[in-house]
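Residues per chain are reported as follows:
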Amino acid sequence: MNPAKPTYRDLEKQLAHAHKLLQAIEQGQIDVIVGDDRHMQLLGLKQTIDMLRENERNFRALADANLIGIGFGDSSGNITYINDEMLRMTGYSRADILAGRINWETCLAPEKRPEEGNWSERLVNQEVISVREWAFLRPDGGRTPVLGAASRITSPDGLHVIIALDLTRMRQAETLTWKSNQRLRMAANSLDIGIFEWNLTKDTAFWENDQMYRIFGRSRKLPPLRYSDFLEQAVDFRDKNAFARAFSNAQQPGNGFAFTCRIHRPDKSAVSWVEITGKFYQNDSDLSLCMIGIAKDISAQKQHEQTIEEINDLLEQRVRDRTAKIQKQTERMRELANKLGQVEQKERNRLAAILHDHIQPLVVGARMHLWDIYRKNDLDAIHVTAHKIEGILEESLAEMRSLTVDLSPAAILNDGLAGGANWLVTYMKKKFDFTLKSRIDDIIDPISENTCFLIFQCTKELLFNVVKHSGEKQAGLSIERTKDQKIKIIVSDNGNGFDPDAFVETQDYTTSLGLFSIEERLKDIGGRLKIASAPGQGTTVTLTAPAEKSDEASPTVEPGYNRRAEDPPVIQVRNSKDSIGILIVDDHKLLREGLVGLLEMEPDITVLGEAADADTAIALAQTLEPDVVIMDVNLGKTSGMDATRQILFKKPHIKVIALSMHYDKKTINAMYHAGASVFLNKTVPSDELIAKMRDCLSGG
Amino acid sequence: MGSPDGFCEYQMRLFVAGTERNSVMALNHITNICHTHLQGNYTLEIIDVFENHAAAMAENILLAPTLVIDTPFRETIVGNLDNERLILTALGIR
């Protein structure tokens, strides 16, 4: 049966229904189309599409978060989508990308293109380009380092996704770290300490800088020594056990390692000293036990310490020797002081004996004769007794002069050290029949008084020693002034000689002041004593002392010894032009008074004035114009010789009669050379003095 | 769903596709309309085409959701039933 033919009305209804269905479909109000299997397929497809849509939403959220760069491309290499982060990494604008002017291959830096180029082909042939480092070439020429990967999404059309992570900051951090490491390494290499790390668990070693290799004398080509090798090969056997113990102790928590040991280098050079310090720690990555530390070559320091130790030992030894010597010298000084006291007492006794045994009896005798005179009325008898008294006084004077010379030779007072030396020559000959071959420098004077007397005394003692011990009858004496203004005296003989060291050790200071005394006294004024002698080879003693020049603080010995200033001179008026005018010059008041009393007994003699020193004498000679000047030789700063010379230079008609206690040839010659008419000893009888005076005035 | 005394002036069937979006919307809309305008005087049968597609095929229902009104007038409405006026007209209320 044929179905009934639809009416127009039916068709119209069906059309309206179809229209409604289409409208509903267009409006998206339809969930499924119901059929045999179709609606199920549609349902599955819809679910798939929904899943895709959800995935897409998630992906978009990820892309929009811009945590990583995400882009899509097609098989032609065009970029179809790119998120902001990826856009920033490439450095291009979105317009450039979407306009197709830029594709992935042009975005890549040239150095990466050979490897990563031709994306389309690669993605067609393989689904994934695994993660690796790229660099985007930005329009400004800069690079953006990235960690990227790509994956094909659909095949075979080559739609792909690219993911990239910006490594710029990581690279910057790496660069900074690298630079920092470089600086650290440079600093480590410039240090004079070696830096090392030992991994005990793995028994490996890392020597961090060049100095570490230098200290242990190893080439960088060789591997650094492991702990076991280090202990066996490098550490000296004397320190090995102690090193191992210290190393073991350092592994206890809280302990450090510090050890100084001797090491050997592979080249068998000298043993070096090394100071090693370190600290154990546990490696975070593999929990192995490690020590990091430093090593320092302290060989030089050790050498210095050893040198200092040796020097200290030497110094201590010297101090001990010096202390012993000082103690010995102190002992000798004590002995010397005792001896000096004894000598002083002996000298006092000697002087007392001379006074008591020789001078005092004479004076007593003279006094007894004087008493005799008081009792006598006979003038002749008085004269006889007076002559006896005069004789006794002369003898007294002679004794006293002898004593004076013995205490302090007048030659020193008159002619300084040179005079004293010459006196010694004469004295040694006269007293001991000992010949001195002298060579005395002309310019040794002036020197200070103290030095002069000390040198004279020392020389005298040296010569006595020579006489006593050398067994010779002659010796050499040399006195000179050196260029550095020192007085140098050499006493040499060819006699027995002696061992100076043994002599110093064994010398008996209780019986003699000896060389030690001389040496000590010389040291006191800055001088020194040098002895060169050997048994059977004679002796040469050199004595050196500073020759101070004359100054106000240090009185000097010159010809004419300044004794003392006394009362001002007496000036008298001449009685008559016919009388003889006398000027008396002497620094002893009593002597002047005695001379005045003696001369004034003569009717034709007038004492016009007295002077106690040379300057006054010169001035008075000018004003008083005496006929005769009785001149003492020893006046002080300006000697009687100089005063004579100056008086006669201005008043050549004046006659000068020299009077002196010292009757040595040199003094006499000097006075005559100065212009004196007569030279008389002060012990000369008064009538002879007056007679000589008259003689010289009358031209005799 | 519907009148308790067994006679209802309005009898309807709603063909849905599970809990799909439009199906859920359609159910919500017709429920609201029944509650508002039919005062319990109705029956509404819900048929899930995923579970009972034979019923849909028997009624020649091609799309889901679709509302079939049996009484007072036979009428078929396709879609999510968001046009309330159209439904009330089909029910003869307006």
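Residues numbered from 1 in each chain as written. Chains lettered and ligands numbered in written order. Predicted model: local features only at pLDDT ≥ 70, side-chain atom pairs only at ≥ 80, totals over all residues. Heavy atoms only, no water.

Caption draft 1: Representation of the overall build of chain B. Looking only at helices and strands, chain B features three helices and five strands. Starting at the N terminus and walking to the C terminus, you meet the elements of chain B as β-α-β-α-β-β-β-α. Considering chain B as a whole, with its 94 residues, one finds that 44% of them fall into the buried category. Looking at chain B alone, contacts between residues at least 24 apart form 69% of all its contacts between residues at least 6 apart. Surface exposure of chain B reaches about 4800 Å², of which carbon and sulfur atoms provide 50%. (Helix = DSSP H or I, 4+ residues; strand = E, 2+ residues; numbered from the N terminus. Buried < 20%, exposed > 50% of the residue type's maximum accessible area, 1.4 Å probe, protein only. Contact = heavy atoms within 4.5 Å. Areas by Shrake-Rupley, 256 points an atom, 1.4 Å probe, with all protein chains shown as cover.)

Caption draft 2: Representation of the interface of chain B and chain A within the structure. Contacts between the two partners involve 21 residues from chain B and, on the opposite side, 18 residues from chain A. Looking at the side of chain B facing chain A, the largest losses of area belong to E20, F50 and L63 of chain B, adding up to 33% of the total buried there. One can count zero salt bridges joining chain B with chain A. When contributions to the side of chain B that touches chain A are tallied by element, the ones reaching two or more residues are α1 (21–38), α2 (53–58), β3 (63–64) and β5 (75–78) of chain B. By residue class, the composition of the side of chain B that touches chain A is 11 nonpolar, six polar and four charged. (Buried area = accessible area lost by both parts, 1.4 Å probe. Salt bridge = Lys/Arg side-chain N within 4 Å of Asp/Glu carboxyl O. Nonpolar A, V, L, I, M, F, W, Y, C, P; charged D, E, K, R; others polar.)

Caption draft 3: Fine view of the nonpolar core. Residues and elements named next belong to chain A. Core analysis: the largest hydrophobic core is formed by 35 residues, its most contacted members being L417, I455, I479, I487, I489, I518 and L543. When residues of this core are traced back to their parent elements, those giving at least two are α14 (410–432), α15 (449–470), β13 (474–481), β14 (486–493), α17 (514–524) and β16 (539–546). Here I455 is in contact with L417, I447, I487, I489, L543 and A545, once residues within four sequence places are set aside. With 27 residues, the next largest nonpolar core counts F196, L225, V235 and I263 among its residues. (Core = buried A, V, L, I, M, F, W, Y, C linked by side-chain atoms within 4.5 Å.)

Caption draft 4: Broad picture of the confidence of the model for chain A. Residue and element names in this part refer to chain A. For chain A, per-residue confidence averages 80 on the pLDDT scale, and residues scoring 70 or more make up 85% of the total. Below pLDDT 50 for its whole length, residues 508–513 participates in 13 contacts with residues either more than four positions away or in separate chains. Considering only residues more than four positions removed or in separate chains, one finds that residues 550–566, a stretch of pLDDT under 50, has 49 contacts. (pLDDT = per-residue confidence, 0-100.)

Caption draft 5: Inspection of the side chain of N22 of chain B at higher detail. The residue N22 of chain B is located in helix α1 in this model. For N22 of chain B, the side chain forms a polar contact with the main-chain oxygen of G28 of chain A, separated by 2.8 Å. If sequence neighbours within four positions are ignored, N22 of chain B has contacts with G28, Q29, I30 and D31 of chain A together with P65 and N80 of chain B. (Polar contact = N/O pair within 3.5 Å; in protein donor to acceptor, adjacent residues only side chain to side chain.)

Caption draft 6: Here's a closer look at a nonpolar patch on the surface. Residue and element names in this part refer to chain A. On the surface, V364, M368, L370, W371 and Y374 cluster together into a nonpolar patch covering about 520 Å² of accessible area. Note that M368 resides in helix α12 (residues 299–375). Relative accessible area serves as the criterion here: at 48%, M368 is assigned to the partly exposed category. (Patch = residues over 30% accessible without salt bridge, like charges linked within 9 Å, V, L, I, M, F, W, Y side chains within 5 Å.)

Caption draft 7: Representation of helix α21 (residues 665–674) of chain A within the structure. Residue and element names in this part refer to chain A. Among the residues of α21, those classed as buried are T667, I668, M671 and A674. On an axial view of α21, the arc spanned by its buried residues comes to 130°, and they lie on one face. Residues K665 and H673 are exposed on α21 and point more than 90 degrees away from its buried face. (Arc of directions from axis to C-beta.)

Caption draft 8: Summary view of the sheet that holds β5 of chain B. All names here are of chain B. A sheet is described by the order of its strands in space; here four strands give the open sequence β2-β1-β4-β5, paired in mixed fashion. The sheet is open, and its two borders are formed by β2 (42–48) and β5, each paired with just one other strand. Here the average twist between neighbouring strands, direction ignored, is 15°. In this sheet, β2 lies alongside strand β1 (residues 10–16) in parallel orientation, the contact comprising seven bridges. Bridge pairing links R13 to E45 in β2. (Pairing = 2+ DSSP bridges. Axes fitted to C-alpha atoms, helices over the stretch in contact; angles between N-to-C directions.)

Caption draft 9: The arrangement of the pattern of salt bridges in detail. A full pass over the atoms with the stated rule returns 25 salt bridges over all chains. As a salt-bridge pair, R138 of chain A and D140 of chain A come within 3.5 Å of each other at their nearest N and O atoms. Under the relative-accessibility criterion, R138 of chain A is labelled partly exposed at 23%. Each of the salt bridges in this network shares a partner with another, and the network as a whole consists of R13, E59, D70 and R74 of chain B.

Caption draft 10: Spotlight on the sheet that holds strand β15 (residues 528–533) of chain A. All names here are of chain A. Taken together, the five strands give an open sheet; going across it, the order is β12-β13-β14-β16-β15, and neighbouring strands pair in mixed fashion. Here the strands that pair on one side only, and so sit at the sheet edges, are β12 (435–440) and β15. Adjacent strand axes in the sheet meet at a mean angle of 15°, parallel and antiparallel pairs treated alike. Sheet analysis places β15 next to β16, joined by six bridges and oriented antiparallel. Along β16, the bridge assignment pairs I531 with V541. Where α15 meets the sheet, its contacts fall on β12, β13, β14 and β16, and the angle it forms with β14 comes to roughly 10°.

Caption draft 11: Summary view of unusual backbone geometry. A cis amide bond links A64 of chain B to the next residue, P65 of chain B, at an omega of 10°. With respect to the element layout, P65 of chain B can be found in the loop between β3 and β4 (66–71). With omega at 5°, the peptide bond leading from T71 of chain B into P72 of chain B counts as cis. Mapped onto the elements of the fold, P72 of chain B is located in the loop between β4 and β5. For E625 of chain A, which is not glycine, the phi dihedral falls at a positive 45°. Tracing the backbone through its elements, the reader meets E625 of chain A in the loop between α19 (614–624) and β19 (628–632). Positive phi, close to 65°, is recorded for N60 of chain B, a residue that is not glycine. In this structure N60 of chain B comes out as exposed when scored by relative accessible area, which is 59%.

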